Amino acid sequence: MDEDCPKCGVAKLAIRLGKRGRFIGCTTYPECDYTRNLGDDADTAPTAPEVVPDRTCPKCESALHIKV
C-alpha cells in the first residue's frame, strides 16, 4: 500500500494479519495503533465450510468441517 497513516502521519499503512483475519494497520505498531477493516473485498467474504468427505463426527454423526 502506498497510503500514509492518518493517525501518526509518519509511516505507511500495510495489510496485516491478525487473529480475526486481515486488516489495514500502521507499520509503526505498537507506537501507533491505527487500524481499519479491509471492507467488503471479495477475498475476505465468508465462505461455506469445507466438508471432509467420507467422515462423520463420532459423537453426533454429522459431517465434519475443516476449520481454520
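Rules of the game
- Residues numbered from 1 in each chain as written.
- Predicted model: local features only at pLDDT ≥ 70, side-chain atom pairs only at ≥ 80, totals over all residues.
- Heavy atoms only, no water.
- Pairing = 2+ DSSP bridges.
- Helix = DSSP H or I, 4+ residues; strand = E, 2+ residues; numbered from the N terminus.
- Axes fitted to C-alpha atoms, helices over the stretch in contact; angles between N-to-C directions.
- Core = buried A, V, L, I, M, F, W, Y, C linked by side-chain atoms within 4.5 Å.
- Buried < 20%, exposed > 50% of the residue type's maximum accessible area, 1.4 Å probe, protein only.
- Contact = heavy atoms within 4.5 Å.

### Re the pairing of strand E1 (residues 13-18)
Examined bridge by bridge, E1 and strand E2 (residues 21-26) share six bridges and lie antiparallel to one another. Of the residues in E2, the one forming a bridge with Ile 15 is Ile 24. Linkage of E1 to E2, two consecutive antiparallel strands, is achieved through a turn of two residues.

### Some thoughts on the sheet that holds strand E3 (residues 35-37)
The three strands are arranged E1-E2-E3 in an open sheet whose pairing can be described as antiparallel. Every other strand in the sheet has two partners, leaving E1 and E3 as the edge strands with one partner each. On average, adjacent strands in this sheet sit at an angle of 35 degrees to one another, irrespective of strand direction.

### Concerning the nonpolar core
Counting seven residues, the largest nonpolar core is built from Cys 5, Ala 11, Leu 13, Ile 24, Cys 26, Cys 32 and Leu 38. Once residues lying within four places of it in the same chain are set aside, the contact partners of Cys 26 are Cys 5, Cys 8, Ala 11, Lys 12, Leu 13, Arg 16, Cys 32 and Tyr 34.

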